[in-house]
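# Overview (structure and organization)
This is what each chain is made of:
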Amino acid sequence: MNLERTDDDDGMTPGLDGNDGAGVDASPDEPSLSGFVLARRAPTNSAARMDDAVVLDGVPVAGDRRSADEQVTEEAARLIAAAPAANTTRAYARIWAGYLSWCTATGRTPLPATSATLASFVAELAGRGLAPASIDQALACVSSAHGKAGLPRPHTTAARDALRAYRRDWSTKPGNTMRKAPPITIDILRSLIEHTPDDTLTGIRDRATLVLGFALMGRRSELAAIDCEHLTFPRQGLEVFIPMSKTDQDAAGQTVAVPYGSHLATCPVRSVQAWLAMLHECGITTGALLRPIDRFGRIGGTPGWAGRGGLRLSGVTLNTIVKDAALRAGLADAERYSAHGLRAGGATTLADANVPTGKIAEQGRWKPTSPTVHGYVRAVDRWKDNPMGKAGL
């Protein structure tokens, strides 16, 4: 049973497997659990009783319920199942299957789960060496399943006490220290761009990816989801519509303004325009902006394209683009760089330039109170006017 938590959304809380800094917020979505019957308890009403049919203002409000009253339509079930983010759905499906298997093997009742069952489940996962964040997500999945089934949320005090003790032990073991992807600050970005060619399709795409990712402080999922139609070019620069992000699960959308850069090589507006020109030459004017390129130099979606998978860059490919650029630039620990570093580096660079935290959060689509963005600011502030610098060492 593999319960390790995955991340494609590039948040900034501690890594899900405990070894990288590209985790997700600690408030997972509701799970989509196949085979579950969504049953809600009947509302109480002073004028209604379950054993008597009651009419209120000519409308039956309780009493002899029809079976249809407890059923959701096929379309409603589809919409409910599609509500959680895809990554959350996949992770919760794995967790739930593993939890059911463990309950069967140990003779425990999955729902409703007792405090003892949850604490024992935590101990089981800890015994397998899972990262604390993965166990925390497993607890959230089981707790949320109770809500989906119309049951009260279980008591998790004992389980969380067990997890707290395990977290302390886990943090002291070799190899479990957290190594975050290095932030790609503006100086590092310039080095990456300098070592990325501007005379090949792949190079032009990669330059646009690097600079746009930095300017948007974009999550991998956000960058991959950008369509050509999401771009507009007012006189001040570029506007990018982000249809949905990790902090916008209801898909209200947000438009992010990106001004012209003062250096041609790292100007996000001109870099994106150069890539768009290549797409237009190949007849692509709609759909995914950042596309794969096959070994013959053909862009995804063009005639004869021999690539595999979809027409959008995956999170893995976005990481590879950054890592390859770091290797070409000869950066120390180049293997540690990832697309997440563009997001972290944009925030770090703005904090170093004394941009207010609220403005950084707005540009990067963090919640104003996000500890992540405040962490970037503190990382910069600890070096500003450091009192030890005046100690005469």
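Residues numbered from 1 in each chain as written. Predicted model: local features only at pLDDT ≥ 70, side-chain atom pairs only at ≥ 80, totals over all residues. Heavy atoms only, no water.

An unreviewed UniProt entry annotates the protein as Tyrosine-type recombinase/integrase of Streptosporangium amethystogenes subsp. fukuiense.

What follows concerns the pairing of strand S4 (residues 237-242). The sheet contact formed by strand S3 (residues 231-232) and S4 spans two bridges and is antiparallel. Paired with Leu231 across the bridge in S4 is Val240. Hairpin connection from S3 to S4: four residues lie between these consecutive antiparallel strands. Across six bridges, the pairing between S4 and strand S5 (residues 254-259) is antiparallel. (Pairing = 2+ DSSP bridges. Helix = DSSP H or I, 4+ residues; strand = E, 2+ residues; numbered from the N terminus.)

The next thing to look at is the packing of aromatic side chains. In total, this model carries five aromatic pairs according to the counting rule given. With 5.0 Å between their ring centres and 70 degrees between their planes, Tyr99 and Phe121 make a pair best called edge-to-face. Of this pair, Tyr99 sits in helix H2 (residues 86-106) while Phe121 sits in helix H3 (residues 115-127), and the two are 22 residues apart along the sequence. Relative to Tyr376, the ring of Trp366 lies with its centre 6.0 Å away and its plane at 65 degrees, an arrangement referred to as edge-to-face. Of the two residues, Trp366 sits in the loop between helix H12 (357-364) and helix H13 (371-381) while Tyr376 sits in helix H13, which places them ten residues apart along the sequence. (Phe/Tyr/Trp six-rings, centres within 6.5 Å; stacked < 30°, edge-to-face > 60°.)

What follows is about the nonpolar core. Inside soluble globular proteins, nonpolar side chains tend to come together where they are buried. Residues Leu192, Leu210, Leu216, Trp275 and Leu289 are the most contacted members of the largest nonpolar core, which totals 47 residues. Among the elements of the structure, helix H6 (186-194), helix H7 (201-216), helix H8 (220-225), S4, S5, helix H9 (268-281) and helix H10 (315-328) are those that each provide at least two residues to this core. Of the residues forming this core, the biggest block, eight residues, is contributed by H7. In this structure, Trp102, Val122, Leu139 and Ala145 belong to the second largest nonpolar core, which totals 25 residues. (Core = buried A, V, L, I, M, F, W, Y, C linked by side-chain atoms within 4.5 Å. Buried < 20%, exposed > 50% of the residue type's maximum accessible area, 1.4 Å probe, protein only.)

A word on the packing of H12 against H13. At a closest axis distance of 10 Å, the pairing of H12 and H13 adopts a crossing angle of 130 degrees. One finds that H12 runs oblique with respect to H13. Between H12 and H13 lies a crossing whose hand is right-handed. Where H12 approaches H13, its residues Thr357, Ile360 and Ala361 are matched on the opposing element by Val373, His374 and Val377. Residue composition of the contact of H12 with H13, by class: four nonpolar, two polar and no charged. (Axes fitted to C-alpha atoms, helices over the stretch in contact; angles between N-to-C directions. Parallel < 35°, antiparallel > 145°, perpendicular 65-115°, else oblique. Left-handed = near helix turned anticlockwise from the far one by under 90°. Contact = heavy atoms within 4.5 Å. Nonpolar A, V, L, I, M, F, W, Y, C, P; charged D, E, K, R; others polar.)

A word on the packing of helix H11 (residues 340-352) against H13. Running from amino to carboxyl end, H11 crosses H13 at an angle of 55 degrees, the nearest separation of the two axes being 9 Å. Judged by the angle between their axes, H11 and H13 are oblique. For the element pair H11 and H13, the recorded crossing hand is right-handed. Of the residues in H13, those in contact with His340, Ala344, Ala347, Thr348, Ala351 and Asp352 of H11 are Tyr376, Val377 and Val380.

We now examine the pattern of salt bridges. Going through the model one piece at a time under the given rule, you end up with ten salt bridges. The shortest N-O distance in the salt bridge between Asp206 and Arg205 comes to 3.0 Å. Take Asp206 and Arg205: they sit in the same class, and that class is buried. Among the ionic pairs, Asp333 bridges to Arg336, the shortest N-O distance being 4.0 Å. A relative accessible area of 28% means that Arg336 is categorised as partly exposed. Connected through salt bridges with shared partners, the residues Arg219, Glu222 and Arg365 form a single ionic network. (Salt bridge = Lys/Arg side-chain N within 4 Å of Asp/Glu carboxyl O.)

A separate point is the confidence of the model for the protein. Across the protein, the average pLDDT comes to 81, with 76% of residues at or above 70. Scored below 50 in pLDDT, residues 1-53 shows 163 contacts in the model against residues more than four places distant or in partner chains. (pLDDT = per-residue confidence, 0-100.)

Right, let's get into H13. Looking at H13, one finds that the buried residues are Thr372, Val373, Tyr376, Val377 and Val380. Summarising the axial view, the buried residues of H13 lie within an arc of 145 degrees, below the 170-degree limit, and thus occupy one face. The elements touched by buried residues of H13 are H11 and H12. (Arc of directions from axis to C-beta.)

On to the sheet that holds S3, then. Spatial strand order, S3-S4-S5: three strands in an open sheet with antiparallel pairing. Bordering the open sheet on either side are S3 and S5, each of which pairs with just one other strand. Its contacts with the sheet put H7 on S4 and S5, and the angle it makes with S4 is roughly 75 degrees. Against the sheet, H9 touches S3, S4 and S5, its axis set at about 105 degrees to S5.

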